[in-house]
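What follows is the residue order along each chain.
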Amino acid sequence: MKNIKGALAIFLVCTILGIILSIQFKTTQNVTGGDNPVIKSKALLAELNKLENQRAKAKEELSEIENEIKKLEEKEASADYYLKTLYNELEKYNMFIGYEEVHGPGIQIEIDEPEVEAIFDDGTSIIAYNYDIILQIISSLNAASAEAISINDLRYTSFSTLEAENNSIIFDDHVISTPIIIKAIGDPKELEANLTFRNGIIDLIKRQLRLKVNISKKEDITIPSLNKKIELKYVKPIDDLND
């Protein structure tokens, strides 16, 4: 009799454990969509890589189309002096606004975190915490008549945005990591001089923030084109206001 009761008790315990395991398995399936979390994570990563590849391919195809359009425009413009003049003005506008990849002499500024955490000991990025120094450098470059600027190979324009979020720097919706590399096209001597004078911005970030800064003059720098189109919502030509 005792053996029967013992066997019955074991049977009931096993049944209850089976029910619990079944419920837990179904719950896990509901949470992860029926897949192992690791497998699902790998699948999502693979999908993300696929989308990035598609985006890169689309950008390459767009660049090819734009080059073809440019060739047609050059061909048409060469046949007419007036059209050629307009085309040259359009080229200047595209370079100025950032729609054209450009190159020329200039300087490169590389900024990195200090060797030893000089201010924070909790992993906080000193550059991200003081991200306004990047804006000050850009302002100094503009004051020295920089004709084109990029930050980590992303074109900087008057429409660009720069902010800090979660210990990172967000530039035009892109997370940029250290070292921060700023390139500027213009007179190399004038650009460098406007950054390195006594008590200037470079002197400040070296002495007070102890950041590592390296400035080098370059004979030829390539700055990429803007990867987005600028839409004007409010500004209009004066003639249109009279309509």
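For the structure, see preceding data.
The structure displayed is predicted, hence computed values, not measured ones.

Novice: Give a description of unusual backbone geometry that names residues and reports values.
Specialist: Pro 179 follows Thr 178 through a cis peptide bond whose omega is 0 degrees. The topology assignment puts Pro 179 in the loop between strand S6 (174-176) and strand S7 (180-185). Non-glycine residue Ser 145 carries a positive phi angle of around 65 degrees. At Arg 210, a position not held by glycine, the phi torsion is positive, near 55 degrees. Positionally, Arg 210 belongs in the loop between helix H7 (201-207) and strand S8 (212-223).

Novice: Now, about the sheet that holds S7: what can you tell me, with residues and values included?
Specialist: Overall, antiparallel pairing links the five strands, which are arranged S3-S2-S7-S1-S8 in an open sheet. Only two strands of the sheet have a single partner each, and these edge strands are strand S3 (154-156) and S8. Averaged over all pairs of adjacent strands, the angle between their axes in this sheet comes to 25 degrees, without regard to strand direction. The sheet contact formed by strand S1 (residues 102-112) and S7 spans six bridges and is antiparallel. What sits directly across from Ile 109, in S7, is Ile 182. Along the sheet, helix H5 (residues 132-143) makes contact with S1, strand S2 (148-151), S3 and S7, crossing S7 at roughly 10 degrees. Contacting S1, S7 and S8, helix H6 (residues 188-196) crosses the sheet at an angle of about 25 degrees to S1.

Novice: Before we move on, can you summarise the pairing of strand S4 (residues 162-165) with the specific residues and values?
Specialist: Bridge count between S4 and strand S5 (residues 168-171): four bridges; the pairing is antiparallel. The residue of S5 that forms the bridge with Glu 163 is Ile 170. Counting the residues in the hairpin turn of S4 and S5 gives two residues, including Asn 166, whose phi is positive at 50 degrees.

Novice: Provide a residue-level description of a nonpolar patch on the surface, including the pertinent values.
Specialist: Where nonpolar side chains cluster on the molecular surface, the patch consists of Phe 159, Leu 232 and Val 235 and spans about 310 Å² of accessible area. Within the fold, Val 235 resides in the loop between S8 and helix H8 (238-241). Note on Val 235: relative accessible area 57%, which makes it exposed.

Novice: Which residues make up the pattern of salt bridges, and what values do they have?
Specialist: Here the structure, examined in full by the defined rule, presents three salt bridges. One salt bridge in this structure joins Asp 153 and Lys 183, with 3.3 Å as the shortest N-O distance. On the criterion of sequence distance, the pair formed by Asp 153 in the loop between S2 and S3 and Lys 183 in strand S7 is long-range, its members being 30 residues apart. Of the residues examined, Asp 153 reaches a relative accessible area of 47% and is grouped as partly exposed. Its relative accessible area of 17% is what places Lys 183 among the buried residues. The shortest N-O distance in the salt bridge between Asp 203 and Arg 207 comes to 3.1 Å. Here the residue Asp 203 and the residue Arg 207 both occupy positions in helix H7, the gap between them amounting to four residues, near one helical turn. For Arg 207, a relative accessible area of 48% corresponds to the partly exposed category.

Conventions we followed
- Residues numbered from 1 in each chain as written.
- Predicted model: local features only at pLDDT ≥ 70, side-chain atom pairs only at ≥ 80, totals over all residues.
- Heavy atoms only, no water.
- Helix = DSSP H or I, 4+ residues; strand = E, 2+ residues; numbered from the N terminus.
- Pairing = 2+ DSSP bridges.
- Axes fitted to C-alpha atoms, helices over the stretch in contact; angles between N-to-C directions.
- Contact = heavy atoms within 4.5 Å.
- Patch = residues over 30% accessible without salt bridge, like charges linked within 9 Å, V, L, I, M, F, W, Y side chains within 5 Å.
- Areas by Shrake-Rupley, 256 points an atom, 1.4 Å probe, with all protein chains shown as cover.
- Salt bridge = Lys/Arg side-chain N within 4 Å of Asp/Glu carboxyl O.
- Buried < 20%, exposed > 50% of the residue type's maximum accessible area, 1.4 Å probe, protein only.

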